[in-house]
Amino acid sequence: MSFKNKFFIIRKSLFREKTRSIVGLILMTIILLCVLLALEILHFFSEINDSINKNFIDARCCVLSMDSDVSTDDVVSLYENKDFVDMIIDGLSYTTSVTYKTDDVNYALNLQACVEGCVPDVTNGEDLDFNKKNQVLLPETMILSGNNNTTKKIDTASLIGKKIVCSFYSMDYTTIVDDTNKEIVFGGTPNGEVIIELTVVGTYDNNHYFQQPHTAFISALTANEMHMSDIKDKTGYTQSSIMIVTDSVKSINKVHDIASNNNIFCSNKVSFDSKSYIMMRVFTCIFIFILILICIWIANISVKMDLKKNVCDYVMLVAYGYTDNNVMSILIIKYLAMYLGSVILSIFISLPVSSLVSQYLHNIDGNIYNIRISFFAVVCLIAICVIITLFTILNLSMTLFKFTVKDLSRIQ
Amino acid sequence: MNNIILSCENLSKKFGNIVAVDRVNYEFESSHFYAIKGASGAGKSTFLQVLGLLEDCDKGSVYIDGEDILKLSSKKKASYRQNYFGFVFQSCFLNASFTSLENLMIPMLLSKNIDQARSDAEELLKKVGLYDRKDCYPKQLSGGEQQRIAVVRALANSPKCILADEPTGNLDEENEKIVFMLLKEYATQHGRTVICVTHSDKISKYADSMLFYKKGELFI
């Protein structure tokens, strides 16, 4: 039997039962719309969470920046194979703060994870190879006190090939991207102690690099360490935007105020932590799963009602000579048409709805992410449609062919 | 002597302890109108349904052209139902979602395209004088009209054998007469076989052979 002939029967059947067909269509559309919006929100959370989870530990290609503070020459010489500096980070994203422990002294070591496209030119040694891990570039000039004017410097080229072994607490940092596409990192929670060994592969001209209009980072353990003079003095690059790193989420407001008061561009702030993201994502997934179950339940109820109402018609088809496959395919095409119709309608309705929700989300301070319909969400919706159809087929095959001509006799 | 178009041999069917068909043997000829009478619950409808491949049997065979059709696959049985048999039931069972014309088209759609099916269905409606009711839905037709549509629907694919299960059970005298005449005409003028289960006494005027069914057995 041709598809055109089957479609003739289905079209007439749907048209005649238009009230029931429309009610079914609307119900499925509403539920699929909720699924689609939930998928879009999940995508929204994922985008934010991806930012959170970029971690120095994963990158392990990093730069120690200019104005490095080295505690003493002794420390440097003591650890010929292990070197560290305390520095102001320049031009990069995702910092982590480490404490190198000795018997007497704790030294802070600030390493800055390096991303491609944000690497200074190498003056000695090798470029960072992002296919390899655990590499570090040192600034050509490392000075003692963090003051540009000091004359006491260390020749870092002699450290090429040497190792830096660090024990530190890795941090989960929260980052956002501001309106000018600069990344702002703030807040963080310790994520366990990690020991890594970095190899110094090269050096870069920190003066030259310094003059580039990069984002500057100021590492501050608490906002109390932030002073107006620190900002101007330590960086000297008040023309550049500044990324402020602080371990204390509570300090962010003060840090923000200090920066703003110094006419330093400071984007809006937004505060999420990774735990709340995980909770929201889990909750959304559970919600989507429940909606899918409801869809399957509605589809099954629909099939049962259809069979109950139209058992005579289907048994008569068998009497005419329609095979079981003919009858089954007519019914499946009928239901699939309804489900696909619901998918298409829900996509169209979701466009203005997600636009409205996006406007609300955009009003949240610092948020630059939106919900939007993604290819993934559409594919998920079609997959859900297929799953519902499969359940419908299962239901039909278990119930439809139990009806026989005896059921006609009972009705007679 | 007319050809044997359908024969059954030791046909048996039980529902639990109730014997509906008990070792029935009979040969049905073409161009013949058979009437089967019997008490309610004797098993007449079951016999008809087994003959027409709408019901499985426990034992026995039904032969068409020497082939035991009860042993065929479900697909081949469906093919026989489409091309060899036509069914008429007491309650018409017209599809309420389709017009009279479309109800006639449904059996034809298995082997014809929509336009051809529509054209053939219109011809059939003209033959029974219901062409002007072609766009009416079943609930817009009278009982007699519905049953006439049901009878011509059974003729849609020009089957060799019509199995009618109390086709006039819900009809008045006049409509009953029309239906029997239609069936009779089909049997005699088109060389087909009609096997009609009925309680009607008027059937004797139309039937070529009267058969009696009692407790699963067929008597002449």
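Residues numbered from 1 in each chain as written. Chains lettered and ligands numbered in written order. Predicted model: local features only at pLDDT ≥ 70, side-chain atom pairs only at ≥ 80, totals over all residues.

Before going further, it helps to spend a moment on the overall build of chain B. Of the regular secondary structure elements, chain B holds 6 helices and 10 strands. Of all 220 residues assigned to chain B, the portion counted as buried reaches 50%. Put simply, 71% of the contacts in chain B that link residues at least 6 apart link residues at least 24 apart. (Helix = DSSP H or I, 4+ residues; strand = E, 2+ residues; numbered from the N terminus. Buried ≥ 20, exposed ≤ 12 C-beta atoms within 10 Å, placed from the backbone. Contact = placed C-beta atoms within 7 Å.)

This next bit is on the sheet that holds strand S6 (residues 85–89) of chain B. Residues and elements named next belong to chain B. Sheet architecture is open: 6 strands sit in the order S6-S7-S8-S3-S9-S10, paired in mixed fashion. The sheet is open, and its two edges are formed by S6 and strand S10 (217–219), each paired on a single side. Ignoring which end each strand starts from, the neighbouring axes of this sheet average 20° apart. Set on the sheet, helix H6 (residues 173–189) makes contact with strand S3 (32–38), strand S7 (161–165) and strand S8 (193–197); between it and S8 the angle comes to about 150°. (Pairing = 2+ DSSP bridges. Axes fitted to C-alpha atoms, helices over the stretch in contact; angles between N-to-C directions.)

Membership of the largest hydrophobic core comes to 83 residues, with the highest contact counts inside it found for B:Leu183 and B:Val194. Per-element accounting of this core gives the leading share, 8 residues, to helix H8 (residues 274–320) of chain A. When sequence neighbours within four positions are dropped, the list of residues in contact with B:Val194 reads B:Phe33, B:Tyr34, B:Ile162, B:Ala164, B:Leu183, B:Tyr186 and B:Ala187. The next biggest cluster of nonpolar side chains, apart from the first, holds 27 residues, and it includes A:Met28, A:Phe44, A:Phe45 and A:Ala377. (Core = buried A, V, L, I, M, F, W, Y, C linked by C-beta atoms within 7 Å.)

Quick look at the sheet that holds strand S1 (residues 4–15) of chain B now. Residues and elements named next belong to chain B. The antiparallel open sheet is built from 4 strands, whose spatial order is S2-S1-S4-S5. Single-partner strands in this sheet number two, and they are strand S2 (18–29) and strand S5 (67–68). As judged from the 4 bridges shared by S1 and strand S4 (residues 59–64), these two strands associate in the antiparallel manner. Note on S4: the bridge partner recorded for Glu-9 is Ser-61.

Below, the discussion takes up unusual backbone geometry. Working note: non-glycine residues mostly have negative phi, and peptide bonds are mostly trans. All names here are of chain B. With a phi close to 55°, Phe-93 is a non-glycine residue in the positive phi region. Relative to the helices and strands, Phe-93 is located in the loop between S6 and helix H3 (100–108). Positive phi outside glycine occurs at Lys-215, with the angle close to 45°. Along the chain, Lys-215 falls in the loop between strand S9 (209–214) and S10.

Residue and element names in this part refer to chain B. Of all 5 residues in S8, 5 are buried, a share of seventy percent or more. The two faces of S8 match: Thr-193, Ile-195 and Val-197 on one face and Val-194 and Cys-196 on the other face are all buried. Where S3 meets S8, 5 bridges bridge the pair, whose relative direction is parallel. Following the sheet pairing, Ala-35 is matched in S8 by Cys-196. Bridge analysis of S7 against S8 gives 5 bridges, and the strand direction is parallel. Bridged to Asp-165 within S8 is Val-197.

Quick look at the interface of chain A and chain B now. Between chain A and chain B, the residue contacts involve 24 residues of the former and 25 residues of the latter. Taken together, the elements giving at least two residues each to the side of chain A that touches chain B come down to helix H1 (3–16), H8 and helix H11 (405–411) of chain A. Here the side of chain A that touches chain B takes 7 residues from H1(A), the largest share from any one element. Split by residue class, the side of chain A that touches chain B holds 11 nonpolar, 7 polar and 6 charged. (Nonpolar A, V, L, I, M, F, W, Y, C, P; charged D, E, K, R; others polar.)

Taking 1.5 Å per residue as the helical rise, helix H10 (residues 375–399) of chain A with its 25 residues ought to reach 36 Å, and the 36 Å between its terminal C-alpha atoms agrees with that figure. Restricting attention to buried positions, one finds in H10(A) the residues A:Ala377, A:Leu381, A:Ile384, A:Cys385, A:Ile388, A:Thr392 and A:Leu396. (Expected span 1.5 Å × (residues − 1).)

This next bit is on the packing of H3(B) against helix H5 (residues 143–154) of chain B. Residue and element names in this part refer to chain B. Closest axis-to-axis distance for the H3/H5 pair is 9 Å, and the angle between their directions is 25°. Relative to H5, the element H3 is oriented roughly parallel. Note on packing geometry: the crossing formed by H3 with H5 is right-handed. Residues Ser-100, Asn-103, Leu-104 and Pro-107 of H3 touch H5, and the partners they reach there are Ile-149, Val-152 and Arg-153. By residue class, the composition of the contact of H3 with H5 is 4 nonpolar, 2 polar and 1 charged. (Parallel < 35°, antiparallel > 145°, perpendicular 65-115°, else oblique. Left-handed = near helix turned anticlockwise from the far one by under 90°.)

Residue and element names in this part refer to chain B. Where H5 contacts H6, the axes come no closer than 10 Å and their chain directions differ by 10°. The orientation of H5 with respect to H6, classified from their angle, is roughly parallel. Residues Gly-143, Gly-144, Gln-147, Arg-148 and Val-151 of H5 pack against Asn-175, Ile-178, Val-179, Leu-182 and Leu-183 of H6. Partitioned by chemical class, the residues of the contact of H5 with H6 number 5 nonpolar, 4 polar and 1 charged.

Attention shifts here to H6(B). All names here are of chain B. When the terminal C-alpha atoms of H6 are compared, their 24 Å separation across 17 residues agrees well with the 24 Å that a helix rising 1.5 Å per residue should span. Turning to H6, its buried residues are Glu-176, Val-179, Phe-180, Leu-182, Leu-183, Tyr-186 and Ala-187. End-on view of H6: buried residues confined to an arc of 150°, all on one side of the axis. Opposite the buried face of H6, by more than 90 degrees, sit the exposed residues Glu-173, Glu-174, Met-181 and Gln-189. Elements that come into contact with the buried residues of H6 comprise S3, H5, S7 and S8. Gly-191 sits one or two residues past H6 and shows a positive phi near 65°. (Arc of directions from axis to C-beta.)

When pLDDT drops low, the exact placement of atoms in the prediction is not to be read closely. Looking at chain B, pLDDT values average 88 and 99% of them are 70 or higher. Taken together, the chains of this predicted complex give a pTM of 0.60 and an interface ipTM of 0.86. (pLDDT = per-residue confidence, 0-100.)

Glancing now at the confidence of the model for chain A. Residue and element names in this part refer to chain A. Confidence in the prediction for chain A averages 64 pLDDT; 46% of positions are at 70 or higher. Taking the mean pLDDT of every element in chain A, the minimum, 36, falls on helix H4 (residues 73–78) and the maximum, 88, on strand S4 (residues 122–125). This stretch, residues 65–110, has a pLDDT under 50; its non-local contacts, to residues over four places away or in other chains, come to 132 contacts. Segment residues 209–249 is flagged for pLDDT under 50; beyond a separation of four residues in sequence, or across chains, it makes 93 contacts in the model.

It is worth spelling out the environment of A:Val315 at this point. Residues and elements named next belong to chain A. By the element assignment, Val-315 lies in helix H8. What makes Val-315 buried here is the crowd of 21 C-beta atoms within 10 Å. A sequence separation of 12 residues divides Val-315 from Val-327, and the C-alpha atoms of the two residues are 9.2 Å apart.

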